[in-house]
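Architecture at a glance
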Amino acid sequence: MWRVRRAAVACEVCQSLVKRSSGTKGCLPLQKLHLVSRSIYHTHHPTLKLQRPQLRTSLQQFSSLTSLPLRKLKLSPVKYGYQPHRNFWPARLAARLLKLRYLILGSAVGGGYTAKKTFDQWKDMIPDLSDYKWIVPDIVWEIDEYIDLEKIRKALPNSEDLAKLAPDFDKIAESLSLLKDFFTTGSPGETAFRATDPGSESDKRYRKVSDKEKIDQLQEELLHTQLKYQRILERLEKENKELRKLVLQKDDKGIHHRKLKKSLIDMYSEVLDVLSDYDASYNTQDHLPRVVVVGDQSAGKTSVLEMIAQARIFPRGSGEMMTRSPVKVTLSEGPHHVALFKDSSREFDLTKEEDLAALRHEIELRMRKNVKEGCTVSPETISLNVKGPGLQRMVLVDLPGVINTVTSGMAPDTKETIFSISKAYMQNPNAIILCIQDGSVDAERSIVTDLVSQMDPHGRRTIFVLTKVDLAEKNVTSPSRIQQIIEGKLFPMKALGYFAVVTGKGNSSESIEAIRDYEEEFFQNSKLLKTSMLKAHQVTTRNLSLAVSDCFWKMVRESVEQQADSFKATRFNLETEWKNNYPRLRELDRNELFEKAKNEILDEVISLSQVTPKHWEEILQQSLWERVSTHVIENIYLPAAQTMNSGTFNTTVDIKLKQWTDKQLPNKAVEVAWETLQEEFSRFMTEPKGKEHDDIFDKLKEAVKEESIKRHKWNDFAEDSLRVIQHNALEDRSISDKQQWDAAIYFMEEALQARLKDTENAIENMVGPDWKKRWLYWKNRTQEQCVHNETKNELEKMLKCNEEHPAYLASDEITTVRKNLESRGVEVDPGLIKDTWHQVYRRHFLKTALNHCNLCRRGFYYYQRHFVDSELECNDVVLFWRIQRMLAITANTLRQQLTNTEVRRLEKNVKEVLEDFAEDGEKKVKLLTGKRVQLAEDLKKVREIQEKLDAFIEALHQEK
C-alpha cells in the first residue's frame, strides 16, 4: 500500500511538472522534485549524490526476494538544464505515465507474493510446540468443528492466480530500450550513463572490495543472529519451565488429573531396576537402552552429568577417584527439583545447599559400602532419581573413570575391573555411549577412545563430547587440532555426533547457573564459532542434553517392543519347565518361601511353650544327674565311705556338699537348663512333619536356631537364687515316709549299678577278653593285657584275704605284689599296680555298697530311731536321698524359670533373627537354594519385567 500511495503522489508531482514546464522557460530545480520522481527520472544527475544503502540486519537473509535474480533495467539518460518546447514533451510525459503504471502494478503483485513468502519463512522459524498441546485448552483444538477453515482457505486466491496478474518484464524491458534509443541517440547524457554502467572496470573493482566486506559483515551478522535466537529460545524455555512448574504444582494438588510425561521415564526406570537384579539366563539378556557415560579419570564426566541434571549431586575430589561404582541417574520432569534413591523415601531438595551436601555424602557412603574389602571399585549399581522442571527425560549411568596406571592405595586389579564394568554396559547393542574426552590434554593420552571404538566400531550409538574447551582454546597452539577432534579425524573412533562443552572454571563451589553463563559467554566470543570450526548446534551442554535425549527416546522406541517379545518367550519356557518338574507345587520365589518358613519357625517356637511341666522336670533332673553323678560318687560318696564311723561320714559329706554348692553346683544347673532348652528347641525345629515336611527349609531353620541360641543369654541372677535353694535342700536329712526311703534306695542302686558297669568295662579293656570270648570269637590278649591280668589276679587274692582293706595300697603291699609277679616271670612297675588296684578296689567297693543297699531296704525303722541299738547304719541312703531331693527341687526351679522367662526371651530372639534375615538378601540366597528356588525366582522376575514393559509400551503408544 505504501508503494501505491507513493506512486500516486509521484503522479501528482509529475502532472504539476507538466503544467509548469508548459508555460515556463527555464530549469526546474531537482531538489523540489519528489523523492520517487527523482529516483525514476533523475537518477543520473551529476549533482545528485545518493548514498549507498546500508546492509540490513541479519533478518534480511530470510527475505524471499534475496533468492530472486534482479533484472538490471537500463534507463535512458536525460539532458538537464533548459529544455525548449521542441523536445517533444508529450512523448516524454507518456513514457513517464507508462513507467508509473507498470511500477504500480508490479509493486502490488510483487509485494503480495513477497509477503506470502516471508510469512512462510517466519512460520518455519517458529519452534514446534506440539509437545505443549496440553497447555492450550481443548476448545482451541476443536475450533475446526465450529469454523469451516477449509472453505475460507479455498476462498482466498492462490499464488498461481497472483502470478497471472504480474506483467511480462521481458516485454517491458524491450519497450524501454526502444524508447531509450529513440529519445537519447547522440545526446550529451550518454557519456554519463555509460560511466555508471555496471560493466565498467572501476565498478568491477569496487564490487570486488564490497563483496569481501559484505561476506565478512554477513558472517558476523549471522553469528550474532544465531546467538540472538539462542538467547530468545533460552528465555522462552525459561518461561515455559516456570509455567510447567506452576501446572505441575497444581497437578500435585489434584486440580488436574492428566497423565504427565514424567511417569513414562519413571516406568522405564523401574523396568531397568528390575532388570539389574535379574540374572540373565535362558538366552535372554538386558538390551534396553541406557546412556552410558564413559571417559578417562578427571575428564569431566561428573561435571557433564551435573550440568544435564542441573545440580551438583556427585561427590568430588581433586585428582582422587570418586566414582567407585556405577550410578544410574533417572532424569524426569517434576514440579520441584529433588532427588531420591530407589530404596529410600527421603527427598533431597536440590535448591538447598545443605541437602546437596547430604546427598553427596550419602552417595559416597553407598559407594564405599558397595566396595568389598580389598577392592577399589564395585560393579553394584546405585539407583538415583532426579526430578525437576525442564529436565530432559533419560536414563544415564555414570561409570568409574578409565585409568591407565594403578597407583598406591588401589587394588592390583582395579584397571581390569573398571574395563570389565565398562564393557559390560557398553556391549549392550542399544546402549548410547557418551564418550567424554578432556580437550585440555593431548589426545594421544586418552585411552577411553580405543575402548569405545572396540565396542562400537561404526559409531552408530556413540556421542563424542569434548570438555574443557575454554582451556583447550587458550592452551592449544593449533586451533585446527580442536576442529580435527570435533570432526572425528584425530581419533580412530567414529561417532554419531560431536559436541564441545565448558563445565566451569575448575572451582567446585561454582553454581550451575554460573557455569552456564560462563559457557554461553565463552562460546559467544569463541574463535571456534567465528571461524566456523564449530557449529552453533554442537556447543553447550543444553544442546548436548537435547541431542542425547532425542537419541535415547529414538533408541527406546526402536528396541523396547523387541525386548518385550523376547521376555514373553522366556516366560513361556520357564512356565513349561516348572510344570514339567514341579506340577503340584506353587511357584514360590525366595521371599515367599522365606515367609512360609518364618511362619513355621514361629509356630514351632510357640509349641515350645506348650511343653508340660512334668516333661521339663524329668528332662532337667535326668540331665543334671548325668552331669553331676561322677562328682557325687567320686568326690563325695567314695571319700566319705572310707571313714570308720557314721559321724565322720556325715561330717565329710556335709563339708563336701557345702563346697560343691558354693562353687560348682548352681553353674552346672544353669548350664544343664540352657542345654536342655537348646535340645528341645532343636527337636521342634528339626523334627520331620510327615508328608508336609519341606527339606528346602532345613538350612534356614538350622541357621535361625544357631543364631538365636548365640544371641540368647541366661539371666545372671539365676545362679544366686539357685544356690540358696540348693543349699537348703541338701541340709535337710529328714525322710518323712517309707516311700521316700525306698525311692532313695532305688536311686542309689541305679547309680551304683551304672558305676559298676562302667568299672567292669574298664577292667575288661585293661585285661582283655576272658576265656569264653577267646574261644567263641577267636580273640587274644596283648602282652600288656596279659600283664594287667596277672596283676589283677594277684590283687584280688589280696582283697579276699582282707575284704575291709582301705582304698589305698601301702608301699610294702606294692613291693609284695611286684615280687610275687616277678617270681612268675611277670615284670611290672608300681604305677601299673596302682592303676590296676584302683579299678579292682572300685569294683569290690561298689559290689559291697550294693549288698549294703539291699540290706538297708528294711532299715527305715532303724532310721526313725536314729540307728540306736542297731548294727545297721544306712547313712549312705540318706546321702542319696538328699542328692535326689536337691535334684528334684533344682529341676522344679529351673522349669519355672524356663517357662516364665527363658522361653519367651528365646522366642523374642527368634523373631529378631528372622527380621534380620528378611532384610539380608545375601543370607536368603545362601540359605534358600536349589533349582526349584532359582526357577521360581526367575519366573517371577520375568513376569514382573514383562508386565512393566507392557505397561510402558502402552504408555508410549498413548504419548504418540
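Parameters and conventions
Residues numbered from 1 in each chain as written. Predicted model: local features only at pLDDT ≥ 70, side-chain atom pairs only at ≥ 80, totals over all residues. Heavy atoms only, no water. Helix = DSSP H or I, 4+ residues; strand = E, 2+ residues; numbered from the N terminus. Buried < 20%, exposed > 50% of the residue type's maximum accessible area, 1.4 Å probe, protein only. Contact = heavy atoms within 4.5 Å. Areas by Shrake-Rupley, 256 points an atom, 1.4 Å probe, with all protein chains shown as cover. Salt bridge = Lys/Arg side-chain N within 4 Å of Asp/Glu carboxyl O. Pairing = 2+ DSSP bridges. Patch = residues over 30% accessible without salt bridge, like charges linked within 9 Å, V, L, I, M, F, W, Y side chains within 5 Å. Axes fitted to C-alpha atoms, helices over the stretch in contact; angles between N-to-C directions. Phe/Tyr/Trp six-rings, centres within 6.5 Å; stacked < 30°, edge-to-face > 60°. Lys NZ or Arg CZ within 6 Å of the ring centre and 35° of its normal. pLDDT = per-residue confidence, 0-100. Disulfide = S-S within 2.5 Å. Parallel < 35°, antiparallel > 145°, perpendicular 65-115°, else oblique. Left-handed = near helix turned anticlockwise from the far one by under 90°. Nonpolar A, V, L, I, M, F, W, Y, C, P; charged D, E, K, R; others polar. Core = buried A, V, L, I, M, F, W, Y, C linked by side-chain atoms within 4.5 Å.

1. What to know about the overall build of the protein
Of the regular secondary structure elements, the protein holds 34 helices and nine strands. When burial is assessed residue by residue, the protein has 42% of its 960 residues classed as buried. Sequence-distant contacts, at least 24 apart, represent 80% of the contacts inside the protein between residues at least 6 apart. Carbon and sulfur atoms provide 52% of the accessible area of the protein, an area that totals close to 55,500 Å².

2. Some remarks on the pattern of salt bridges
Going through the model one piece at a time under the given rule, you end up with 40 salt bridges. Note that aspartate 266 is salt-bridged to lysine 387, the shortest N-O span being 3.8 Å. Remark: lysine 387 occurs in strand S5 (residues 382–387) and aspartate 266 occurs in helix H10 (residues 262–276); sequence separation between them is 121 residues. Here arginine 711 and aspartate 916 are joined by a salt bridge, their closest N and O atoms 2.9 Å apart. Here arginine 711, found in helix H24 (residues 698–711), pairs with aspartate 916, found in helix H32 (residues 875–919); they are 205 residues apart in sequence, far enough to count as distant.

3. Quick notes on the pairing of strand S3 (residues 338–341)
Regular strands place their side chains on alternate faces of the sheet. Here S3 shows no split at all, with Val338 and Leu340 on one side and Ala339 and Phe341 on the other all buried. Summarising the sheet, S3 and strand S4 (residues 348–349) pair through two bridges and their orientation is antiparallel. Residue pairing across strands places alanine 339 opposite phenylalanine 348, the latter belonging to S4. What sits between S3 and S4 in their antiparallel hairpin is a turn of six residues.

4. So, the environment of isoleucine 633
In this structure, isoleucine 633 sits in helix H21 (residues 613–641). Isoleucine 633 sits in the buried class, given a relative accessible area of 0%. Through-space distance from the C-alpha of isoleucine 633 to that of leucine 752 is 8.5 Å; in sequence the pair is 119 residues apart. In contact with isoleucine 633, other than residues within four places in its own chain, are Leu638, Pro639, Ala751 and Arg755.

5. A word on a nonpolar patch on the surface
Taken together, Trp771, Trp775, Leu776 and Tyr777 make up a surface patch of nonpolar side chains, about 620 Å² in accessible area. Within the fold, tryptophan 775 resides in helix H27 (residues 771–777). With a relative accessible area of 68%, tryptophan 775 lands in the exposed category.

6. Quick word on the side chain of glutamate 749
Summarising the element assignment, glutamate 749 is placed in helix H26 (residues 738–767). For glutamate 749, a relative accessible area of 12% gives the class buried. Contacts of glutamate 749, omitting those with residues within four sequence positions, involve Leu850, Cys853, Asn854 and Arg857.

7. Digging into the sheet that holds strand S1 (residues 291–295)
Spatial strand order, S4-S3-S5-S2-S6-S1-S7-S8-S9: nine strands in an open sheet with mixed pairing. Bordering the open sheet on either side are S4 and strand S9 (497–500), each of which pairs with just one other strand. Against the sheet, helix H11 (residues 301–309) makes contact with S1, strand S2 (327–332), S5, strand S6 (394–398), strand S7 (432–438) and strand S8 (462–467), and its axis sits at roughly 160° relative to S6, the strand it touches most. Sheet strands in contact with helix H14 (residues 448–455) are S1, S7 and S8, and its direction is about 160° off that of S7.

8. Overview of the packing of aromatic side chains
Counted according to the given criterion, the structure contains 17 aromatic pairs. A network of ring pairs unites the aromatic residues Trp625, Tyr637, Phe747, Trp837, Tyr841, Phe845 and Phe880 as a single cluster. The cationic tip of arginine 683 hangs over the ring face of phenylalanine 684; the distance from NZ or CZ to the ring centre is 4.6 Å. In this structure, lysine 924 is placed above the aromatic ring of phenylalanine 594, and the distance from its NZ or CZ to the ring centre is 5.6 Å.

9. Brief notes about the environment of phenylalanine 684
With respect to the helices and strands, phenylalanine 684 occurs in helix H23 (residues 665–686). Assessed through its relative accessible area of 14%, phenylalanine 684 is described here as buried.

10. Some words on unusual backbone geometry
In this model, glutamine 310 sits at a positive phi of 65°, which is unusual for a non-glycine residue. Locating glutamine 310 in the fold gives a position in the loop between H11 and S2. Despite not being glycine, lysine 468 has its phi angle at roughly 55°, a positive value. You can see lysine 468 is positioned in the loop between S8 and helix H15 (469–475).

11. What to know about the confidence of the model for the protein
The predicted model of the protein has a mean per-residue pLDDT of 76, with 69% of residues at 70 or higher. Every residue in residues 1–87 is under pLDDT 50, and counting partners more than four places away or in other chains gives 96 contacts. Residue range residues 253–262 is modelled with pLDDT below 50. Its contacts to residues more than four positions away, or to other chains, number 13 contacts.

12. Quick look at the state of the cysteines
Scanning all chains against the criterion turns up one disulfide. Paired through a disulfide, cysteine 856 and cysteine 874 show a sulfur-sulfur distance of 2.1 Å. When the S-S torsion is -95°, as for the bridge of cysteine 856 with cysteine 874, the disulfide is left-handed. Of this pair, cysteine 856 sits in the loop between helix H30 (830–855) and helix H31 (860–864) while cysteine 874 sits in the loop between H31 and H32, and the two are 18 residues apart along the sequence. The class for cysteine 856 is buried, based on a relative accessible area of 0%. Given the relative accessible area of 0%, cysteine 874 is considered buried.

13. Digging into the packing of helix H20 (residues 590–608) against H24
In the contact formed by H20 and H24, the axes pass within 11 Å of each other and the chain directions differ by 50°. Relative to H24, the element H20 lies oblique. Seen along the crossing, H20 lies across H24 with a hand that is right-handed. On the side of H20, the interface is formed by Phe594, Ala597, Glu600, Ile601 and Glu604, while H24 contributes Leu700, Lys701 and Val704. Of the residues assigned to the contact of H20 with H24, the class counts are five nonpolar, no polar and three charged.

14. A look at the nonpolar core
In terms of nonpolar packing, the biggest core is built from 100 residues, with Trp625, Tyr637, Trp660, Leu677, Trp741 and Ile883 touching the most fellow members. Of the residues forming this core, the biggest block, 17 residues, is contributed by H32. Residues contacting leucine 677, with those up to four places away along its chain left out, are Leu608, Trp616, Trp714, Leu898, Glu902, Val903 and Leu906.

15. Brief notes about the pairing of S7
In terms of residue burial, S7 counts as a mostly covered element, since seven of its seven residues are buried. Of the two faces of S7, the one holding Ile432, Leu434, Ile436 and Asp438 and the one holding Ile433, Cys435 and Gln437 are both buried throughout. In this sheet, S7 lies alongside S1 in parallel orientation, the contact comprising five bridges. Pairing of valine 292 across the sheet is with isoleucine 433, part of S7. When S7 meets S8, the two strands line up parallel, connected through six bridges.

16. Remarks on the packing of H24 against H32
When two helices pack together, you describe them by how their axes are tilted relative to each other and by the distance separating the axes. Remark: H24 packs on H32, axes separated minimally by 9 Å, with the N-to-C direction vectors making an angle of 125°. As the angle between them shows, H24 and H32 are arranged oblique. Regarding H24 and H32, the two cross each other, and that crossing is right-handed. In this structure, H24 contributes Leu700, Ala703, Val704, Glu707, Ser708 and Arg711 to the contact, and H32 contributes Leu906, Asn909, Val910, Glu912, Val913, Leu914, Asp916 and Phe917. In terms of residue class, the contact of H24 with H32 is built from eight nonpolar, two polar and four charged.

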